[in-house]
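Residue-level structure breakdown
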Amino acid sequence: MAERLSVAYSPCPNDTFVFHAWAHGLVPGAETPEVTFADIDVTNSLAERGELDVLKISYGALPWVLDEYALLPCGGALGRGCGPLVLTRPDAGDDLGGRTVAVPSERSTAYLLFRLWAASAVPGGLGKIVVLPFHEIMPAVRDGRVDAGLVIHEARFTYQQYGLRKLADMGEAWEQDTGLPIPLGAIIARRSLGTERLAAVTAAIRSSVRLAWEDPEASRPYVLAHAQEMDPAVADQHIGLYVNEFTADLGEAGYAAVRALLTRAAAEGLVPPLGPGALER
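My aim in this report is to walk through the structure given alongside it, one point at a time. (Residues numbered from 1 in each chain as written. Predicted model: local features only at pLDDT ≥ 70, side-chain atom pairs only at ≥ 80, totals over all residues. Heavy atoms only, no water.)

Across its full length, the protein holds 11 helices and 11 strands. Taken against the 2.2 N^0.38 rule, which gives 19 Å for 281 residues, the C-alpha radius of gyration of the protein at 18 Å falls within 12% of a compact globule. Expressed as lengths along the three principal axes of its C-alpha atoms, the size of the protein is roughly 60 × 45 × 30 Å. Relative to its 281 residues, the protein shows a buried fraction of 54%. The contacts in the protein between residues at least 6 apart in sequence include a share of 80% that link residues at least 24 apart. Carbon together with sulfur atoms contributes 49% to the accessible area of the protein, which is approximately 12200 Å² in total. Across the protein, the 23 positively charged side chains and the 35 negatively charged ones have centroids separated by 3 Å. (Helix = DSSP H or I, 4+ residues; strand = E, 2+ residues; numbered from the N terminus. Rg over C-alpha atoms; globule rule 2.2 N^0.38 Å. Buried < 20%, exposed > 50% of the residue type's maximum accessible area, 1.4 Å probe, protein only. Contact = heavy atoms within 4.5 Å. Areas by Shrake-Rupley, 256 points an atom, 1.4 Å probe, with all protein chains shown as cover. Lys, Arg positive; Asp, Glu negative; His and termini not counted. Charge placed at Lys NZ, Arg CZ, Asp CG, Glu CD.)

Our next topic: the environment of Pro 104. Turning to its location among the elements, Pro 104 is positioned in the loop between β7 (101-103) and α3 (109-121). The exposure class of Pro 104 is buried, given its relative accessible area of 11%. Linking Pro 104 and Phe 17, residues 87 residues apart in sequence, is a C-alpha distance of 23 Å.

Applying the stated criterion to the full structure yields 13 salt bridges. Of the charged contacts, one joins Arg 197 and Glu 31 as a salt bridge, the two residues approaching to 2.9 Å between their closest N and O atoms. A residue pair is termed long-range when its members are at least 10 positions apart, and Arg 197 in helix α7 (residues 195-214) and Glu 31 in the loop between α1 (13-23) and β2 (34-37) qualify at 166 residues. The exposure class assigned to Arg 197 is buried, which follows from its relative accessible area of 18%. By relative accessible area, Glu 31 is classed as partly exposed at 31%. Here Arg 220 and Asp 236 are joined by a salt bridge, their closest N and O atoms 2.8 Å apart. With a gap of 16 residues between them, Arg 220 in helix α8 (residues 220-225) and Asp 236 in helix α9 (residues 232-242) connect regions that are remote in the sequence. Overall, the relative accessible area of 24% leaves Arg 220 in the partly exposed class. (Salt bridge = Lys/Arg side-chain N within 4 Å of Asp/Glu carboxyl O.)

Core analysis: the biggest nonpolar cluster contains 55 residues, and Ile 57, Tyr 59, Leu 62, Val 86, Phe 114 and Trp 117 have the highest contact counts within it. Ranked by the residues each element gives to this core, the list is headed by α3, at 8 residues. If we ignore the near neighbours within four places in the chain, the residues touching Leu 62 are Ile 57, Leu 71, Ile 188, Val 258, Leu 262 and Leu 279. Judged by nonpolar contacts, the second largest core, of 26 residues, contains Val 27, Val 54, Ile 187 and Val 243. (Core = buried A, V, L, I, M, F, W, Y, C linked by side-chain atoms within 4.5 Å.)

On to unusual backbone geometry. Negative phi values dominate among residues other than glycine, just as trans dominates among peptide bonds. Positive phi, close to 75°, is recorded for Leu 52, a residue that is not glycine. Turning to its location among the elements, Leu 52 is positioned in the loop between α2 (40-48) and β3 (54-58).

Looking now at the pairing of strand β11 (residues 182-190). In terms of burial, β11 is largely enclosed, as 9 of its 9 residues are buried. Two strands pair when backbone bridges link them, and β3 and β11 are joined in this way by 5 bridges, in the antiparallel orientation. Each bridged residue has a counterpart across the sheet, and for Val 54 the counterpart in β11 is Ala 189. Where strand β4 (residues 69-71) meets β11, 3 bridges bridge the pair, whose relative direction is antiparallel. Following the sheet pairing, Tyr 69 is matched in β11 by Arg 190. Where strand β5 (residues 77-79) lies against β11, 3 bridges are found, and the strand directions are antiparallel. (Pairing = 2+ DSSP bridges.)

Contact geometry for α1 and α9: axes closest at 8 Å, N-to-C directions at 70°. The orientation of α1 with respect to α9, classified from their angle, is roughly perpendicular. Facing Pro 13, Asn 14 and Phe 17 of α1, the residues of α9 in contact are Ala 235, His 238, Ile 239 and Tyr 242. Classifying every residue of the contact of α1 with α9 by side-chain character gives 5 nonpolar, 2 polar and no charged. (Axes fitted to C-alpha atoms, helices over the stretch in contact; angles between N-to-C directions. Parallel < 35°, antiparallel > 145°, perpendicular 65-115°, else oblique. Nonpolar A, V, L, I, M, F, W, Y, C, P; charged D, E, K, R; others polar.)

Let's shift gears to the pairing of strand β1 (residues 6-9). Of the two faces of β1, both are covered, the one formed by Ser 6 and Ala 8 as well as the one formed by Val 7 and Tyr 9. Two strands pair when backbone bridges link them, and β1 and β2 are joined in this way by 4 bridges, in the parallel orientation. Residue pairing in the sheet places Tyr 9 in a bridge with Phe 37 of β2. With α1 bridging β1 and its parallel neighbour β2, the resulting β-α-β unit is right-handed. For β1 and β3, the ladder comprises 2 bridges, and the chain directions are parallel. By the bridge assignment for β3, Val 7 is matched with Val 54. (Right-handed = clockwise from strand over helix to strand, strands pointing away.)

Encoded structure:
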C-alpha cells in the first residue's frame, strides 16, 4: 500500500476553505492526506528541498522545483483585483528610488510583480530590500524602520488601521499591462507519485473545491480555527477574493498568466528560464 500523502498549505482562509473536505476525509473515494500547516515561505523551502508530496507554494518559487514537482491545474490562487500592494506612510513621497523596502519573500509572486513594476516605475533603482514575515511588514513601515512595504493577503483590507497609504497596486499594474489574471499561489505534486496518483490528487482537490462552494458553512470552524484571530468578516472577504474560477481550473487564461509572469521574470534575471513543457505534468 502506498504511503499516506503528505500535504502542506497555509493556515490562510482560502487554503483551509479549499482543502477542508479533502483534509477531513469528506471527498468520496479519495485518500485522506496528512496535513502540515506552514506559511508560504516555509512551503517554498520544503519544495526546494524535495520534502512532502503536495504543497501550496508561490508561483515565484515554481521555476526552482519543476524538475521534481508538477504544477496541478486546480486548488491554487489566481485572480483579478487581488494583487500585492506597496504601502508607505502618508508623509512619504511617491519615489522609491534608493529607499528601503520590506518584502515577505524574494521567492514570491509578490516580489516578482514588485520587481517587474519597479523596473519601469522606479527609474532611479530601488535601495535595500529587507525580508520580513508578512505580519511584521506594516508595523515596520508605520514605525519608520523601513520606507515602504510590499504586503499580501488580508493586509489589503487592514492597512488603513496602521495609518498607511497605498502607493501602488501590483496586481492593478499587472492587469493593465497584460490583461491577464494575477498568479499568486500554485499547487504542486511530486512527479514520482506517478500518472494515476497525480490524477487522483487532482480529482480530489477539484472535488474539495466543489464541496466547499456547495456548503460554505461546513468549513467555517476549520477556517476560523486557523485564521490567526482574523475577524470573520475579513476571512470571508479573503475567501471571496482568492477562491474563484481559477481555483477550480487554471484554464487557458490561468496558464497564460503563469507563463507570462515567469517568462518576464526570467528576462529580468529574477528566476531560471522555463524549459519546454515545464508546466505540463
